[in-house]
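Listed below are the residues making up each chain.
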Amino acid sequence: MAEKSKIVIVITGPTASGKTSLALRVARHFQTGIISADSRQCYREMSIGTAKPTAEQLREVKHYFVNSHSITADLNAGMFETLGLGYAQSIFAKKNIAVLCGGTGLYIKAFCEGLDEMPAVPQEVRKRVRAFYARQGIAGLQKALRLEDPVFCRLCSQGAEWQNPHRLMRALEVSEATGKSILTFRKNQKSPRDFGIIKIGLEIPRERLWQNILQRTDQMITLGLEHEVKRLMPYRSLNALQTVGYTEMFDYFDGRCSLEEAVKNINIHTRQYAKRQMTWFKKDTQIHWFSPDEPENILDFLQHETANFASCNTRN
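What comes next is a walk through the structure. (Residues numbered from 1 in each chain as written. Predicted model: local features only at pLDDT ≥ 70, side-chain atom pairs only at ≥ 80, totals over all residues. Heavy atoms only, no water.)

1. Examining the sheet that holds strand β3 (residues 63–64)
The strand order β3-β2-β4-β1-β5-β6 describes an open sheet built from 6 strands, whose pairing is parallel. Of all strands in the sheet, those with a lone pairing partner are β3 and β6 (287–290), marking the two edges. In this structure, strand β1 (residues 7–12) lies alongside strand β5 (residues 196–202), joined through 6 bridges in parallel fashion. Note on β5: the bridge partner recorded for I11 is I200. Sheet strands touched by helix α4 (residues 105–113): β1, β2 (34–36), β4 (97–101) and β5. Its angle to β1, the strand with the most contacts, is close to 165°. (Pairing = 2+ DSSP bridges. Helix = DSSP H or I, 4+ residues; strand = E, 2+ residues; numbered from the N terminus. Contact = heavy atoms within 4.5 Å. Axes fitted to C-alpha atoms, helices over the stretch in contact; angles between N-to-C directions.)

This is the structure we're talking about:
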């Protein structure tokens, strides 16, 4: 076995569980940088609705994949794999430990294991599918996939993937572009990494998580979410803006609901997203679960694990 002298500490969990705070504490402890595994915090034009780290936090600890791209950039998990591994090497040039923090499960999987190679999808197909989703919503995607990809529907309709519009759009795009089920291209072969990985997951009681979500949405409104989304109205068709916190506000500006109803819908959809995240992460048996209320225990655990890791590599 090749020696792996570098380590990535992955910090994940559902939205509003305290990942950012913990990641900052861990990064300060190990005097290293943080790679964001959030599919929206990378966009410069989206700040309030994505709950980015504050300007002060970004100054205090070097962050990668935060404010790194424009909303016009069409990013995906495969691109993040390449970018994330590059960011890790930049950190490893000076440090033995890097921190990866975020709640986008597919991005974390891409970074840690790699992704199956998917066929290229023509831009016109991608645009057509996204326009269809904008008109018909997730129910429309599900109905279309029942016709286009019944194999995918039969195997995935009871899981979290069936409630994830981005995964459904991807499945529909592949089906329309190739005439084959997306499952045809899934080989589930892990790509080897030349660094070790330690995964930490944050879990808190559901009622408390729901309260955190309510408080964070209220804070977003106070900070000016309405103004941020209004400024982005001309770009609403872009993939980057097909996300919770923005689509509900677009409905408000279209006159489909009141501001109060938009806020209520943000909270509902954020809770649904948190449930999907936990369903995804609980399948990963490598995650060590902690409460966000025990940062000292987490740091003690990481100190022990990283020391053991280094000791094992020295003996090897």
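2. Thoughts on the nonpolar core
Formed by 39 residues in total, the largest nonpolar core has its most connected members in V8, I35, M46, F80, L100 and F111. Breaking this core down by element, the ones donating at least two residues are β1, α3 (77–92), β4, α4, α9 (225–231), α10 (247–253) and α11 (259–281). Counting residues per element, this core draws most heavily on α3, at 6 residues. Once you skip the residues sitting within four places of it in the chain, L100 turns out to touch V8, I9, V10, I11, I35, A37, F80, I108 and F111. Within the second largest apolar cluster, 21 residues are counted, among which are I9, I11, V26 and F30. (Core = buried A, V, L, I, M, F, W, Y, C linked by side-chain atoms within 4.5 Å. Buried < 20%, exposed > 50% of the residue type's maximum accessible area, 1.4 Å probe, protein only.)

3. Notes on the packing of α3 against α4
Packing of α3 against α4 brings their axes to within 8 Å, and their N-to-C directions diverge by 55°. Of the possible angle classes, the one that applies to α3 and α4 is oblique. Note that α3 runs across α4; the crossing there is right-handed. When α3 is examined against α4, the residues A77, F80, E81, G84, L85 and A88 are found in contact with a partner set consisting of L106, Y107, A110 and F111. Counted by class, the contact of α3 with α4 contains 8 nonpolar, 1 polar and 1 charged residues. (Parallel < 35°, antiparallel > 145°, perpendicular 65-115°, else oblique. Left-handed = near helix turned anticlockwise from the far one by under 90°. Nonpolar A, V, L, I, M, F, W, Y, C, P; charged D, E, K, R; others polar.)

4. Things to note about unusual backbone geometry
Positive phi outside glycine occurs at A16, with the angle close to 70°. Residue class for A16 comes out buried when judged on its relative accessible area of 14%. For A51, which is not a glycine, the phi torsion comes out positive at approximately 55°. Mapped onto the elements of the fold, A51 is located in the loop between β2 and α2 (55–60). Among the residues examined, A51 registers a relative accessible area of 24% and is labelled partly exposed.

5. Section: the packing of helix α5 (residues 123–148) against helix α7 (residues 165–178)
The N-to-C vectors of α5 and α7 enclose an angle of 90°; their axes lie 9 Å apart at closest approach. Between α5 and α7, the crossing angle belongs to the class labelled roughly perpendicular. Grouping the constituent residues of the contact of α5 with α7 by class yields 13 nonpolar, 2 polar and 7 charged.

6. With respect to the pairing of β5
The element β5 is largely enclosed, with a buried count of 6 among its 7 residues. Here β5 runs beside β6; their pairing, made up of 4 bridges, is parallel. The residue bridging K199 from the neighbouring strand is I287, located in β6.

7. Focus: the pattern of salt bridges
Using the criterion set out here, one finds 16 salt bridges in the structure. The partner of R170 in a salt bridge is E173, with the nearest N and O atoms 3.5 Å apart. Taken as a pair, R170 and E173 lie in helix α7 at a separation of 3 residues, close to a single helical turn. We classify R170 as partly exposed; its relative accessible area is 26%. Between R256 and D251 there is a salt bridge, with the nearest N and O atoms lying 3.1 Å from each other. (Salt bridge = Lys/Arg side-chain N within 4 Å of Asp/Glu carboxyl O.)

Note that all results are geometric; they support no functional claim without further evidence.
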